[in-house]
Amino acid sequence: MSTGAIAQQGFGARGFALPPNTGKIVRAVLTYAVLILFALAMIMPFVFAVVNSFKELPDIAANPMRLTPGVRADGTPYSWTLQGYERALTTQQINFPRAIFNSFFIAILVTIMRVLFNSLAGYALARIRFPGRGFAFAALVGTLMVPGIVLLIPRYLVLSQLGWIDTYWALLIPYFADAFGIFLMKQFFESIPREIEEAAEIDGASRFRMFFVIILPMAVPALTAMAIFAFQGTWNDFQGPLIALNLNRDLYTLPLALAFLRGVTGDAIQWDLMLAGSVITTLPMAVIFFIFQRFFIEGVSYTGVKG
Amino acid sequence: MAVAAPSLGNQGGFRLSAKAQERLAGFTFILPALIIIIAFIFLPLLSAFLISFTNWNGLQPPTEAAGVGLANYARIFGLDGTTVVRDEFFVAIKNTFYYTLGVVPTQTILALVLAFIVNQQFLRFRGFFRVAFYFPSITSSIVIATIFLWLFNRNGVINGVIGGVANFLGLQYTPVTWINDANGIIHNFLRLFGLTARTAPAWMTETNVLGQTIWQWISGPSVTMLAIMLLAIWTTTGTMMLIFLAALQDIPRQLYEAASVDGATRWQQFRLITVPMLRPTTFFVLTIGLIGCFQVFDQIYVISQGNPAGTTKTIAWIVFRNLRDSQAGLGAALAFVLFVIIAIFTIFQRRLVGKTVQQ
């Protein structure tokens, strides 16, 4: 408010014979113009992709910018079609329905286990005194610094030693805990007043009961936020499955299946199929995003505060 | 589990002291997560570090690989007299550097400006703008790369839009082959002034520094790399805008009110309150931007696989390619070199941003 008032004084002081509100209006118009332009730049690629995924292949090639089916050279109109989706789901090159299943199976299982393991570990670091706590904490801090790409070959090395290459184990177990999530949970548990646990302790509850019956229900918002991030990270992960899967294409997740289809088709990319595949891959995340918007936005603010 | 433990303590038989129970609980709580992190981050890193001193091909059991001492590292920097690995490494350094130099400042400044705009008091539909700006960052990198590959098609939407605007302004536009154009954008710019590889002075085209001539070093990112850079900026700006926005809203209003009571101008308020208060966030955004850029991989994999003419080979890409080409030992060494580069830049950046804080 105060800043706005000062701006107006500034305009007034220059002595132009403008109506008193001109500065404000100009500013508002400019603001909205810039924001709408950027919002369009952010949204339009998705709009073009979704719309074209429902068009016929020659129509996509000839009229990518049309948001409705175009017209053939001979004057007959193209029509809306589900051909891209049919071809994606039935292509011989990759088992796409299986990839959909794999993506859901892996993302859901990893999310559940990560929420459990991270919150257990976060609670231990926040509240329980035990020998080696300092070491455990230091080990976790150390891993926060490691860039993902540096882990590419090391991960492959361990997975191949375990004989897990081309198995579900390699796509699941390594992701059941992550240092960042443990820190988030630790911070959250530290914010819960100690008195609550002290009261439970007087009632004779053990740590286990205290955690599962009293503490965990209080942590539902934090757990939801972590679950969303775990699901998003696993759903979108590309490098993990890329390293873990060598010959077994039946275990491909959606991102891997898409990248594979782009690779095998070389320059002759079947865009109806690829766009349909992109939409299928994005849809579940989009639904989760619109339901849990608040958690996403707050989660970002949280990472910001952390730095 | 939740029931068994207390009954153990309460029902006689044998009793654990409260302290022992507490310890047991601590171990049980931390162990699952700790085992996973040790087994899949700590041990791998350690063994990969050892592997980087061998000629492991990624297929044989690592114990059968022969130790080669520092040979992998020597090859990367050309200290063993060979140039093949070194030249590719420095091409990747150049490409990654141009990529980072283009992406990090652009996305940070854009995010900051957008955050200021969205933070204005009068703005309505703020929720809508937030969602619109954030959506790209929840989408799979592979999907975004696929969509951009399509948009940047020669007959695609991007050329269509540019062509439309050019047409409107009465200009000629020859569609750019975005995905297959190895020309550096600085070279393209210099060509406007008649400076090409042929007309450039000899000291530029004939002096070889680490496998490339000076003329090649100053190429700038290729047109294809530029498309990938635009993709990166498009994806990350929204997230960073939200981070800045959160920081802006965390600045106590009283600070501004007190300042304006004291007669501080708007510019003074910006300089003396907003800028210092945003500094930790700016450091955070710059650092994650830098770390992200140095690791660019998924987009390269889908869009160009290092092509055209090696102009989109990045360090992360050659790490992966060495693993794929049965040179895992060399790849591991490259990964550690990248690790060190990232660490150095992060520390340097912290120093730099920290310095300006004190002024």
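Predicted, not measured: the structure shown is a model, and the values here were computed from it.

Cut-offs used in this document
- Residues numbered from 1 in each chain as written.
- Chains lettered and ligands numbered in written order.
- Predicted model: local features only at pLDDT ≥ 70, side-chain atom pairs only at ≥ 80, totals over all residues.
- Helix = DSSP H or I, 4+ residues; strand = E, 2+ residues; numbered from the N terminus.
- Buried ≥ 20, exposed ≤ 12 C-beta atoms within 10 Å, placed from the backbone.
- Contact = placed C-beta atoms within 7 Å.
- Domains from an automatic or database assignment.
- UniProt positions renumbered as here; feature names shortened; annotations may be inferred.
- Nonpolar A, V, L, I, M, F, W, Y, C, P; charged D, E, K, R; others polar.
- Expected span 1.5 Å × (residues − 1).
- Axes fitted to C-alpha atoms, helices over the stretch in contact; angles between N-to-C directions.
- Parallel < 35°, antiparallel > 145°, perpendicular 65-115°, else oblique.
- Left-handed = near helix turned anticlockwise from the far one by under 90°.
- pLDDT = per-residue confidence, 0-100.

1. Structural notes on the overall build of chain A
Check the secondary structure of chain A and you find 15 helices and 0 strands. Considering only C-alpha atoms, chain A reaches an extent of 80 × 70 × 35 Å along its principal axes. Relative to its 307 residues, chain A shows a buried fraction of 40%. Here the analysis covers contacts within chain A between residues at least 6 apart in sequence; of these, 73% occur between residues at least 24 apart.

2. As for the domain arrangement of chain A
Annotation of chain A at the domain level lists domain 1 (7-86) and domain 2 (96-269). Taking only C-alpha atoms, the centre of domain 1 of chain A and the centre of domain 2 of chain A are 38 Å apart.

3. Things to note about the domain arrangement of chain B
All names here are of chain B. Segmenting chain B into domains produces domain 1 (4-74) and domain 2 (77-184 + 220-358). The gap between the C-alpha centroids of domain 1 and domain 2 is 35 Å. Facing the 15 residues of domain 1 at the interface are 12 residues of domain 2. Going through the elements one at a time, α2 (18-51) and α3 (71-76) are the ones with two or more residues in the side of domain 1 that touches domain 2.

4. Focus: the UniProt feature "domain: ABC transmembrane type-1" (unreviewed entry) in chain B
Mapped onto the present numbering, the UniProt feature "domain: ABC transmembrane type-1" (unreviewed entry) falls at residues 93-349 of chain B. The annotated region residues 93-349 of chain B carries 71% helix and 2% strand content, and the separation between its end C-alpha atoms amounts to 18 Å.

5. Some remarks on the UniProt feature "transmembrane region" (unreviewed entry) in chain B
Using the residue numbers shown here, the UniProt feature "transmembrane region" (unreviewed entry) corresponds to residues 24-51, 97-119, 131-152, 225-248, 277-297 and 328-348 of chain B. The straight-line gap between the two end C-alpha atoms of residues 225-248 of chain B is 33 Å; of that span, 100% is helix and 0% is strand.

6. A few points about the interface of chain B and chain A
Facing the 90 residues of chain B at the interface are 85 residues of chain A. Split by residue class, the side of chain B that touches chain A holds 64 nonpolar, 20 polar and 6 charged.

7. Let's talk about the UniProt feature "domain: ABC transmembrane type-1" (unreviewed entry) in chain A
Cross-referencing UniProt, the feature "domain: ABC transmembrane type-1" (unreviewed entry) maps to residues 100-292 of chain A in the present numbering. Measuring from the first to the last C-alpha atom of residues 100-292 of chain A gives 22 Å, for a span that is 76% helix and 0% strand.

8. Re helix α7 (residues 157-168) of chain B
In an α-helix, one turn spans 3.6 residues, which is why side chains three or four residues apart end up on the same side. With 12 residues, α7 of chain B should reach 16 Å at 1.5 Å per residue; the first-to-last C-alpha distance of 16 Å fits that figure. The complete set of buried residues in α7 of chain B reads Val157, Ile158 and Asn159 of chain B. Looking at the packing, one finds that the buried side of α7 of chain B touches α2 (22-53) of chain A together with α6 (141-151) of chain B. In the segment just after α7 of chain B, glycine 170 of chain B is the residue with positive phi, at about 75°.

9. Looking at the UniProt feature "transmembrane region" (unreviewed entry) in chain A
Residues annotated by UniProt as "transmembrane region" (unreviewed entry) correspond here to residues 29-51, 99-123, 135-156, 168-189, 210-231 and 273-292 of chain A. Counting secondary structure, residues 273-292 of chain A comes out at 100% helix and 0% strand; the distance between its end C-alpha atoms is 29 Å.

10. Considering the packing of helix α5 (residues 96-127) of chain A against α2 of chain B
Closest axis-to-axis distance for the α5 of chain A/α2 of chain B pair is 8 Å, and the angle between their directions is 125°. In terms of orientation, α5 of chain A lies oblique with respect to α2 of chain B. Crossing of α5 of chain A against α2 of chain B: the hand is left-handed. Only Gly26, Phe29, Ile30, Pro32, Ala33, Leu34 and Ile36 of chain B of α2 of chain B make contact with α5 of chain A, whose side of the interface consists of Phe117, Asn118, Leu120, Ala121, Tyr123 and Ala124 of chain A.

11. Observations concerning the environment of glutamine 212 of chain B
Residue and element names in this part refer to chain B. Its location among the elements puts glutamine 212 in strand β2 (residues 212-213). Look at glutamine 212 and you get partly exposed, because 16 C-beta atoms sit within 10 Å. Leave out the neighbours within four places in its chain, and glutamine 212 touches Phe90, Val91 and Trp217.

12. Remarks on the confidence of the model for chain A
Per-residue confidence for chain A gives a mean pLDDT of 85; residues scoring 70 or more make up 91%. Residue range residues 1-15 of chain A is modelled with pLDDT below 50. Its contacts to residues more than four positions away, or to other chains, number 14 contacts.

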